[in-house]
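Geometric and topological summary
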Amino acid sequence: MPKIVDYPEDAKYNIKSVSQRTGVQPVTLRAWERRYNILEPSRAQNGYRLYSERDIALLVWLKNQVDAGISISSAIADFRANTRKGISPEAVINTPSPTPSKRSSLPTSDFVKRLYHALVSRDETAATEVLEQALASFDLHALVEAILFPTLRDIGDAWYNGKIFVAVEHFASGFIRSKLMAIYQSMPVHRRVSYIMVGGAPGELHEIGSLVTAILLREAGYRVEYLGPDLPLDDLVQYIKEEKPKMVILSATIQEATEDLVKFDELISGVKPKPIFGYGGAAFNRHPELISKTPGSYLGETISQSIKTVQAILEGKKRDPLAG
Ligand code: B12
């Protein structure tokens, strides 16, 4: 049986093909990478991860250990202990290497069109298929910024211009929200790192922006709790007193929802230790004058930017979000 170390090291497979050949879901794969620093894929010019046959062999070995009932952390510890002794475990990659998929090289605008059409025609099967292809082909940052948000904006425009029923807009945003919630819940919960609460301002029912913020912060390795939209601030302050998060992030899409946020930093000033208050959302982008009126840390115009700002605030340095 070949040893892991016998497999070639040149990086050429994207995450989708690695997932197909190992049976490890892309979300799990990224979580293992981030949590245990077990793989260090190279990056293609477009930023996508690229893996080698040796990475695939290691994943096959790890998957076999997990399937046999060993925890992933023990399997990785065993692998490292063996490597230190100069022993390389054996692994057979059963699934042949696929011919390079053309699908993942499609532009994101193509995914936006397909997802939009699937959603407005209420075709859940097609919409799920497009999302799964997109998940396998793109980073979470690219998935949300270049596919999901543009699709939601197109749906908003279609609703505003009377091209689709409100019911269809509700169906489409509900579909995307539930898929995002599934991603959020499938990500590992980190316990020994900065604790961040994320939710929506009082009166704010748009929640996809704050949910995505929670997902990308979890991906960046933080302990994140997503609290949902329309949070009553007095109750939230009591909760913060008990749970002691390091940071609280609230979002506002409609202007009315920014009104209560102006006093939030003051409301938490008596909490010990006082958490950092971060905020953002379309209302602040549309009305930038609200930023100087709202004490706290404005996190940036985009959610990807906000992850970097949070890292800079909490760690005093900027990290590449793609590095996970
Ligand atoms: C889905 C949706 C709803 C759903 C929300 C469901 C849900 N569970 O979230 C429902 C049906 C509840 C809804 C209700 C309403 N909606 Co609505 N809705 C939308 C829609 C189609 C998508 C919203 C969305 O999720 N977008 C994806 C987000 C994340 O994109 P984004 O805001 O561009 O995000 C970028 C930045 O804003 C920023 N950002 C966003 N969130 C955050 C959070 C943080 C922390 C940070 C740092 C940054 C950040 O980063 C993003 C880029 O990276 C938009 C269309 C649109 N253009 O967005 C309309 C839209 C936002 N809605 C609108 C309106 C008018 C309403 C209603 C008033 C309608 C009504 N008459 O009842 C109500 C208001 C309800 C309320 N009190 O909040 C308008 C807002 C216009 C305005 N100028 O305020 C829009 C733009 C539609 C339109 N074209 O007119 N809506």
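This brings us to the overall build of the protein chain. What the protein chain contains, in helices and strands, is 14 helices and 7 strands. For the protein chain, with 324 residues in total, the buried portion stands at 48%. Of all intrachain contacts in the protein chain linking residues separated by at least 6 positions in sequence, the fraction that spans at least 24 positions is 73%. Element-wise, carbon and sulfur atoms account for 52% of the exposed surface of the protein chain, whose accessible area totals about 16,000 Å². Across the protein chain, the mean location of the 39 positive side-chain charges is 5 Å away from that of the 38 negative side-chain charges.

The environment of the ligand is made up of 33 residues, and the closest members are Glu 145, Gly 203, Leu 205, His 206 and Glu 207. Between the ligand and Leu 205 there is a distance of 2.8 Å, counted from an oxygen atom to a backbone nitrogen or oxygen. Here an oxygen atom of the ligand and a side-chain polar atom of Arg 286 are 3.1 Å apart. Looking at the shell around the ligand, the elements with two or more residues in it are helix H7 (140–160), helix H8 (166–186), helix H9 (208–219), strand E5 (247–251), helix H12 (282–286) and helix H14 (303–315). Looking at the shell around the ligand, the element that brings in the most residues is H7, giving 7 residues.

Quick look at the domain arrangement of the protein chain now. Taken domain by domain, the protein chain consists of domain 1 (4–84), domain 2 (108–186) and domain 3 (195–323). Centre-to-centre separation of domain 1 and domain 3, based on C-alpha positions: 34 Å. On the side of domain 3, 6 residues touch domain 1, which itself brings 4 residues to the contact. Taken together, the two surfaces of domain 1 and domain 3 that pack against each other cover about 330 Å², and 41% of this comes from carbon and sulfur. For the pair domain 1 and domain 3, the number of links is 0 salt bridges. Joining domain 1 to domain 3, the criterion identifies 1 residue pair in polar contact (both at pLDDT 80 or more). The residue inventory of the side of domain 1 that touches domain 3, partitioned by class, reads no nonpolar, no polar and 4 charged.

Next up on the list: a nonpolar patch on the surface. A surface patch of nonpolar side chains, amounting to about 370 Å² of accessible area, comprises Trp 159, Tyr 160 and Val 166. When you line up the elements, Val 166 lands in helix H8.

Before going further, it helps to spend a moment on the sheet that holds E5. Pairing between the strands of a sheet is mediated by backbone hydrogen bonds and can be parallel or antiparallel. A sheet is described by the order of its strands in space; here 5 strands give the open sequence E4-E3-E5-E6-E7, paired in parallel fashion. Lying at the two open borders of the sheet, with one neighbouring strand each, are strand E4 (223–226) and strand E7 (297–298). Bridging between strand E6 (residues 276–280) and E7 involves 2 bridges; their strand directions are parallel. Considered in E7, the bridge of Tyr 279 is made with Tyr 298. Relative to strand E3 (residues 195–200), helix H10 (residues 233–243) is tilted by about 170°, and along the sheet it contacts E3, E4 and E5.

Rules of the game
Residues numbered from 1 in each chain as written. Predicted model: local features only at pLDDT ≥ 70, side-chain atom pairs only at ≥ 80, totals over all residues. Heavy atoms only, no water. Helix = DSSP H or I, 4+ residues; strand = E, 2+ residues; numbered from the N terminus. Buried < 20%, exposed > 50% of the residue type's maximum accessible area, 1.4 Å probe, protein only. Contact = heavy atoms within 4.5 Å. Areas by Shrake-Rupley, 256 points an atom, 1.4 Å probe, with all protein chains shown as cover. Lys, Arg positive; Asp, Glu negative; His and termini not counted. Charge placed at Lys NZ, Arg CZ, Asp CG, Glu CD. Near = heavy atom within 4 Å. Polar contact = N/O pair within 3.5 Å; in protein donor to acceptor, adjacent residues only side chain to side chain. Domains from an automatic or database assignment. Buried area = accessible area lost by both parts, 1.4 Å probe. Salt bridge = Lys/Arg side-chain N within 4 Å of Asp/Glu carboxyl O. Nonpolar A, V, L, I, M, F, W, Y, C, P; charged D, E, K, R; others polar. Patch = residues over 30% accessible without salt bridge, like charges linked within 9 Å, V, L, I, M, F, W, Y side chains within 5 Å. Pairing = 2+ DSSP bridges. Axes fitted to C-alpha atoms, helices over the stretch in contact; angles between N-to-C directions.

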